[in-house]
Amino acid sequence: MARNYDVVVVGGGSSGCALAGRLTDRPGLRVLLLEAGPLGSLPELRDATSLAATAPRHPRNWAYAAELRPGNSHIVPRGRGLGGSGATNGANWTRVTPADADDWGVPGWSYADLLPLYVRSEHDHDMAGPAHGDRGPVPVRRAAGELRHPAVGRFLTAAARLGFPDELDKNGGGPPGAGLVPSNACDGVRIDAATAYLTGERPGLTVRGGIPVARVLVDGGRAHGIVLHSGEVIEAGEVVLSAGAVATPQLLMLSGIGPRGAVADLPGVGRGWSDHPAVFLPMADVDPQAHPHAPSSPVALNLDCGADPAGDAEVLLFVRPFVPGGDLHLMCALQAPDSRGTIELVSDDPRDRPRIAYGYLRTEHDRRRLRHAIRTAAELLRAGLGRRTAPDGDVLGNDRALDGWIADNLTTSVHLCGSAAIGSVVDAELRVLGVDGLRVADTSVLPTVPRRGPSATAVAIGEKAAELLAGCG
Ligand SMILES: Cc1cc2nc3c(=O)[nH]c(=O)nc-3n(C[C@H](O)[C@H](O)[C@H](O)COP(=O)(O)OP(=O)(O)OC[C@H]3O[C@@H](n4cnc5c(N)ncnc54)[C@H](O)[C@@H]3O)c2cc1C
């Protein structure tokens, strides 16, 4: 059968759109981008301050049932539709820290290797110099003028009072501290990878929406294409899975690639991944209502809980200006957790959701550091940021009581990474071990969740995969 496509990319999210866009910037390759969800946008997806698409029944949310800790079930959002999670996320645009890349120690994935990918992807309107891009497709800005929530200044002053250093450029690769969070929103409009990369005439690119892929077609140790839920087969020279850190390991396992897999026995598929556990500390809002386009999380303190100079915790001011009267929280998150999660098939039916267990806060080291982040947030409030409304002082001062409060309020930052990691599932060129013609390009491949949000890195992975696939026609 004649192949119609050189490359089929499964999943039109942050990585998949960047990859498909870069592959078809120049004519030559025939690329098919398949997205399970819809292609069109919605007003609430354009509004960067809106988290409407994280509601469990929203059509652009996969809303996976997951267990954060034994007995603690949760519905975890993930973007469904062109743009993927990048079309529904908080629009915080941060890079990995140099320490993350050093910890990974993967050839070709050092901080110096990643830097040109970040630079190429962005147009930073505030920061100049060789570490920042000025002509990439993704606009990057920090909250200024009327878009800067009044609490931002108090946050920075409180952090300085407590002796935390400034971090003027959160994408500068320097030591952690307090500073404005870069955002990929432009005048309140979220610019996701689909909007940024899939522009203009692209004769080589075919994009199909509402097309869930069921599995990869593998024969004789080589991927030849994919099979859709409908049973339709599409052949291609190269298959790239960019279905995100939940669906990509699911697709691998459905294709016989995973623990005790018939095609390839790769125990790392769906195992050993990490994400940032988090809790929201509510605070009383004394401010006038913020401008409707003020970014939702404009300022953050990244801090060292004791022995991680790169910063293993984060306190982020979380604003929801669309709520009448304002709504402010401090999101306290553990950024370099020890705990690891699992994703397993419940059946061979691709329509069945996988079983997801985060295994959060399994170690005392993780619990201690999250307590430290919460107590730091409470100190910021006391140092002039605002009034804490929970937990009360007795709980805050007692480790056991605070652990109980955390268990009751635990959530996730939704930064899942490492479910098909470089080293255990793919090589440094993103090729699935033991299967020719098959790669993974999404946050599944990162060995651990980075110390900062992974959105910019998901796009950088798409840029990297495009480099690796450039000559594949
Ligand atoms: C609510 C939310 C808020 C977040 N906020 C931030 C933030 O502010 N900053 C930050 O850095 N990170 C944030 N993140 C994380 C960040 O957005 C993601 O890590 C990143 O977008 C992941 O990119 P990806 O390409 O790996 O996967 P995704 O962008 O999730 O793309 C995967 C795509 O594959 C499609 N797909 C799945 N299964 C199939 C199938 N079988 N066939 C075809 N297509 C399929 C999906 O529909 C989706 O479009 C947030 C995530 C969420 C969900």
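Residues numbered from 1 in each chain as written. Predicted model: local features only at pLDDT ≥ 70, side-chain atom pairs only at ≥ 80, totals over all residues.

Asker: Looking at this structure, how should I read the overall build of the chain?
Answerer: Across its full length, the chain holds 11 helices and 25 strands. Sorting the 473 residues of the chain into buried and exposed places 55% on the buried side. Counting only contacts in the chain whose residues sit at least 6 apart along the sequence, the fraction spanning at least 24 positions is 69%. (Helix = DSSP H or I, 4+ residues; strand = E, 2+ residues; numbered from the N terminus. Buried ≥ 20, exposed ≤ 12 C-beta atoms within 10 Å, placed from the backbone. Contact = placed C-beta atoms within 7 Å.)

Asker: Would you take a moment to explain the domain arrangement of the chain for this structure?
Answerer: Interfaces are often sized by the amount of accessible area the parts lose when they come together. Considered domain by domain, the chain is made up of domain 1 (1-142 + 186-275 + 345-360 + 415-473) and domain 2 (145-180 + 277-336 + 361-409). Distance between the C-alpha centres of domain 1 and domain 2: 29 Å. Every contact between the two is made by 22 residues of domain 1 and, on the other side, 23 residues of domain 2. Looking at the side of domain 1 that touches domain 2, its residues break down into eight nonpolar, nine polar and five charged. (Domains from an automatic or database assignment. Nonpolar A, V, L, I, M, F, W, Y, C, P; charged D, E, K, R; others polar.)

Asker: Looking at this structure, I do not really get the site of the ligand. What am I missing?
Answerer: In the vicinity of the ligand lie 42 residues, with Gly11, Gly13, Gly84, Gly90 and Gly453 positioned nearest. Of all elements in the fold, only α1 (14-23), α7 (244-254) and α11 (455-469) reach the threshold of two or more residues within the shell around the ligand. The biggest single contributor to the shell around the ligand is α7, with four residues. Grouping the constituent residues of the shell around the ligand by class yields 14 nonpolar, 24 polar and four charged. (Near = placed C-beta within 6 Å.)

Asker: Is there a simple way to explain the pairing of strand β20 (residues 328-334) in this structure?
Answerer: Each regular strand shows side chains that alternate between the opposite faces of the sheet. Taken across its seven residues, β20 has six buried, putting it largely inside the fold. Relative to β20, strand β17 (residues 277-284) is paired through six bridges, and the arrangement is antiparallel. Looking across to β20, one finds that proline 282 is bridged to histidine 329. Bridge count between strand β19 (residues 313-319) and β20: seven bridges; the pairing is antiparallel. (Pairing = 2+ DSSP bridges.)

Asker: Teacher, can you tell me more about the nonpolar core here?
Answerer: In a soluble, globular protein the nonpolar side chains are often hidden away together inside. Among the nonpolar cores identified, the biggest contains 142 residues, and Val8, Val10 and Cys332 are the most heavily contacted of them. Structurally, this core is a two-domain feature, drawing no fewer than three residues from each of domain 1 (1-142 + 186-275 + 345-360 + 415-473) and domain 2 (145-180 + 277-336 + 361-409). Contacts of valine 10, omitting those with residues within four sequence positions, involve Leu34, Val213, Ile226, Val239, Val240, Leu241, Ser242, Ala243 and Leu251. (Core = buried A, V, L, I, M, F, W, Y, C linked by C-beta atoms within 7 Å.)

Asker: Honestly, helix α4 (residues 111-121) in this entry has me stumped. Any pointers?
Answerer: Each full turn of the α-helix corresponds to 3.6 residues, which orients residues three or four apart in the same direction. What α4 keeps buried is the set Leu114, Leu117, Tyr118, Val119 and Ser121. Among the structural elements, α1, α3 (98-104), β5 (122-124), β6 (138-140) and α11 are those in contact with the buried residues of α4.

Asker: In this structure, what is going on with unusual backbone geometry? I would like to understand it.
Answerer: For residues other than glycine, phi is negative in most cases, and the peptide bonds are mostly trans. For the bond from alanine 390 to proline 391, the omega torsion is -10 degrees, close enough to zero to count as cis. Relative to the helices and strands, proline 391 resides in the loop between β23 (387-388) and α9 (393-396). Residue alanine 63 is not a glycine yet carries a positive backbone phi of 50 degrees. Inspection of the secondary structure puts alanine 63 in the loop between α2 (43-46) and β3 (64-69). Residue classification places alanine 63 among the partly exposed residues on the basis of 17 C-beta atoms within 10 Å.

Asker: Quick question: what am I supposed to make of the environment of methionine 127 here?
Answerer: Along the polypeptide, methionine 127 turns up in the loop between β5 and β6. Each C-alpha atom, one on methionine 127 and one on alanine 465, is 26 Å from the other, the two residues being 338 residues apart in sequence. Here methionine 127 is in contact with His132 and Asp169, once residues within four sequence places are set aside.

Asker: Where do I start with the environment of threonine 199 in this structure?
Answerer: Within the element layout of this structure, threonine 199 appears in the loop between α6 (193-197) and β10 (205-208). Threonine 199 sits 128 residues away from glycine 71 along the chain, and the two C-alpha atoms are 45 Å apart.

Asker: Looking at this structure, how should I read the pairing of strand β2 (residues 31-34)?
Answerer: Going residue by residue along β2, you find Val31 and Leu33 tucked away on one face and Leu32 and Leu34 tucked away on the opposite face as well. When strand β1 (residues 5-10) meets β2, the two strands line up parallel, connected through four bridges. Among the inter-strand pairings, valine 9 is bridged to a residue of β2, identified as leucine 33. Taking the sense of rotation as the criterion, the β-α-β connection linking β1, α1 and β2 turns out right-handed. The sheet contact formed by β2 and β10 spans four bridges and is parallel. Bridge pairing links valine 31 to leucine 205 in β10. (Right-handed = clockwise from strand over helix to strand, strands pointing away.)

Asker: Got a minute to help me understand α1 in this structure?
Answerer: Counting buried positions over the 10 residues of α1 gives 10, a clear majority of the element. Inspection of α1 places Ser14, Ser15, Gly16, Cys17, Ala18, Leu19, Ala20, Gly21, Arg22 and Leu23 among the buried residues, and these make up the whole buried set.

Asker: Looking at this structure, how should I read the packing of helix α8 (residues 364-385) against helix α10 (residues 399-409)?
Answerer: Any two packed helices are characterised by how steeply their axes cross, that is the angle between the axes, and by the distance between the axes. α10 packs onto α8 with a crossing angle of 85 degrees between their chain directions and a minimal axis gap of 11 Å. Judged by the inter-axis angle, α8 sits roughly perpendicular to α10. For the pair α8 and α10, the contacting residues are Arg367, Leu370, Arg371 and Ile374 in the first and Asp399, Leu402, Asp403 and Ile406 in the second. When its residues are assigned to classes, the contact of α8 with α10 shows four nonpolar, no polar and four charged. (Axes fitted to C-alpha atoms, helices over the stretch in contact; angles between N-to-C directions. Parallel < 35°, antiparallel > 145°, perpendicular 65-115°, else oblique.)

Asker: Just checking my understanding: could you explain the packing of helix α5 (residues 150-161) against α8 for this structure?
Answerer: Running from N to C, α5 and α8 point in directions that differ by 105 degrees, and their axes come no closer than 8 Å. In terms of orientation, α5 and α8 fall into the roughly perpendicular class. Residues Ala151, Arg154, Phe155, Thr157, Ala158, Ala159 and Arg161 of α5 form the contact with α8, whose own contacting residues are Leu380, Ala383, Gly384 and Leu385.

Asker: Hey, could you run me through the environment of glutamine 335 in this one?
Answerer: Mapping glutamine 335 onto the fold places it in the loop between β20 and β21 (341-344). Note on glutamine 335: 28 C-beta atoms within 10 Å, which makes it buried. It is 14 Å that separates the C-alpha atoms of glutamine 335 and threonine 363, two residues lying 28 residues apart in sequence. In contact with glutamine 335, other than residues within four places in its own chain, are His276, Gly311, Asp312, Ala313, Glu314 and Arg451.

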